[in-house]
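# Secondary and tertiary structure notes
Given next are the chains, with one letter for each unit.
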Amino acid sequence: MVTWSLCMIVKDEESVLERCLNSVSGLFDQIVIVDTGSTDKSKDIAGGFTSHVYDFPWEDNFAAARNFSFSQASGEYIMWLDADDVLPEPSRRRLIEEKENFDPSVDVIMLPYQTAFDQWGNPTFQFERERIVKNGPLSRWVGAVHEVIVPYGKIRHLDAPIKHLKIDGGDRNRNLRIYEKLIAEGALLDSRHMYYYGRELYAHERYSEAETVFSEFLSAEDGWIEDRIDAVRQLACCRYRTGDESGALKALLYSLTMGAPRPEVCCDIGRHFFDRGRYETAVFWYKSALSAAPEKGRGCTGFSQTDCSGFLPCIQLCCCYDRLGDKERAEFYNEEAGRFKPKSVYYLENKRYFANLREAET
């Protein structure tokens, strides 16, 4: 049977590390944990699961730390996790099955990464990551922050999601600090890191600077398509924040030149017209979001806000038709929204609203 190593880098993760390692029980032939300077009990916890615990001095470079962890791996394939990741039991069983019947011609396995959830624990934001890679020279991390292994060779997409379940907020300034240090040292950011630098600026409410960075990233036209589509949405948000509503809409419409419309962009455009009372136009875009929803089972290759493929356009269509005076269609789309989230307070409040309307008519 093929051998798998798990490689992790950690720092002060005592609140989540044991949870993560328990979730992968029985899956790996070797576990490698590289500590980058913990002052808590992270190393003690790691030592309870593996003898392969190493120190690596932190140098503001995630790729360097991850590459060191990979250098200690003896498995034929390597999987990576963050300490606040959890492998759900169905995914663990799926990966055990995959390992037992593994195709050695595969170079990279992409797995869904779920990073945001609604109040019932359903994923609301996910994307794929290169999660299991062949142990060899092509599996190298690049990027001081928002590091990545560029997928190569034979790629397999597997429906075994990993959940990212943070307990504390961490250092929200770290990534921006690393980028600005690199820039101060004269480093030139490649397209991918221009995109992530723009996201960090936006997260820190530096909207004008973020707009400039996103515009520069999009003008280069060599970024990954998923990054480019999300950058358009981020650029629109920057322009809304700075009062350029026309420019925001132009940014969103520009995404339509990149390929088939995405549900997320259709919902953004629908919201633009809804907020301005142009409900018939909003209806068109919310219906387009439903039409653009990925086929069930096709998988998620880019950034995906799952509500934009079902619940959100349905609940917004309910509101649009209600304001247009078409109560029958409004109620129909509320029931459609309820199919996606039967416990949603918005769906239930609308349901009572329509029941009261019918009662008043009798």
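Described in the following lines is the structure provided in the data block.

Definitions and cut-offs
Residues numbered from 1 in each chain as written. Predicted model: local features only at pLDDT ≥ 70, side-chain atom pairs only at ≥ 80, totals over all residues. Heavy atoms only, no water. Helix = DSSP H or I, 4+ residues; strand = E, 2+ residues; numbered from the N terminus. Rg over C-alpha atoms; globule rule 2.2 N^0.38 Å. Buried < 20%, exposed > 50% of the residue type's maximum accessible area, 1.4 Å probe, protein only. Contact = heavy atoms within 4.5 Å. Polar contact = N/O pair within 3.5 Å; in protein donor to acceptor, adjacent residues only side chain to side chain. Expected span 1.5 Å × (residues − 1). Arc of directions from axis to C-beta. Axes fitted to C-alpha atoms, helices over the stretch in contact; angles between N-to-C directions. Parallel < 35°, antiparallel > 145°, perpendicular 65-115°, else oblique. Nonpolar A, V, L, I, M, F, W, Y, C, P; charged D, E, K, R; others polar. Core = buried A, V, L, I, M, F, W, Y, C linked by side-chain atoms within 4.5 Å.

## Concerning the overall build of the protein chain
- When helices and strands are tallied, the protein chain shows 14 helices and 9 strands.
- On C-alpha atoms alone, the protein chain measures out to a radius of gyration of 23 Å, which is about the 21 Å that the 2.2 N^0.38 rule sets for 362 residues.
- Referenced to the eigenvectors of the C-alpha coordinate spread, the extents of the protein chain come out at roughly 75 × 45 × 40 Å.
- Classification of the 362 residues of the protein chain by burial places 49% in the buried group.

## Considering the environment of S38
- The residue S38 is located in the loop between β2 (30–35) and α2 (42–47) in this model.
- Each C-alpha atom of the pair S38 and E14 lies 9.1 Å from the other, and the pair is 24 residues apart in sequence.
- Beyond its immediate sequence surroundings of up to four residues, S38 is in contact with V10, K11 and D12.
- Within the local environment of S38, its side chain forms a polar contact with the backbone nitrogen of D12, the two atoms lying 2.7 Å apart.
- For S38, the side chain forms a polar contact with the side chain of D35, separated by 2.5 Å.

## Focus on helix α4 (residues 89–100)
- Between the first and last C-alpha of α4 there are 17 Å, a value that for 12 residues agrees with the 16 Å anticipated at 1.5 Å per step.
- Residues of α4 that are buried include every one of S91, R92, L95, E98 and K99, and no others. End-on, the buried residues of α4 take up no more than an arc of 120°, which puts them together on one face.
- Residues of α4 that are buried make contact with β1 (4–10), α1 (17–23), β4 (77–80), β6 (108–117), β7 (123–134) and β8 (155–157).

## Structural notes on the packing of helix α8 (residues 225–241) against helix α9 (residues 245–254)
- Where α8 contacts α9, the axes come no closer than 8 Å and their chain directions differ by 170°. Considering the angle they form, α8 stands roughly antiparallel to α9. In this structure, α8 contributes R228, V232, R233, L235, A236, R239 and Y240 to the contact, and α9 contributes E245, G247, A248, A251, L252 and Y254.
- For the contact of α8 with α9, the residue count by class is 8 nonpolar, 1 polar and 4 charged.

## Regarding unusual backbone geometry
- Phi is positive for D60, close to 55°, though the residue is something other than glycine.
- Here D60 shows up in the loop between β3 (52–55) and α3 (62–71).

## So, the nonpolar core
- W4, M8 and L95 are the most contacted members of the largest nonpolar core, which has 105 residues in total.
- Sort the elements by how many residues they give to this core and helix α12 (residues 311–323) lands first, with 7 residues.
- The residues contacting W4, other than those within four sequence positions of it, are L27, F28, D29, Q30, G75, Y77, L95, E98, K99, F102 and I132.

## Digging into α3
- When you tally the buried positions in α3, you get 7 out of 10 residues, the bulk of the element.
- Turning to α3, its buried residues number three or more, namely F62, A63, A65, R66, N67, S69 and F70.
- Buried-residue contacts for α3 involve β1, β2, β4, β7 and α5 (174–184).
- With a side-chain oxygen lying 3.1 Å from the backbone nitrogen of A63, the N-terminal cap of α3 falls on N61.

By themselves, these are just geometric observations and shouldn't be taken as functional.
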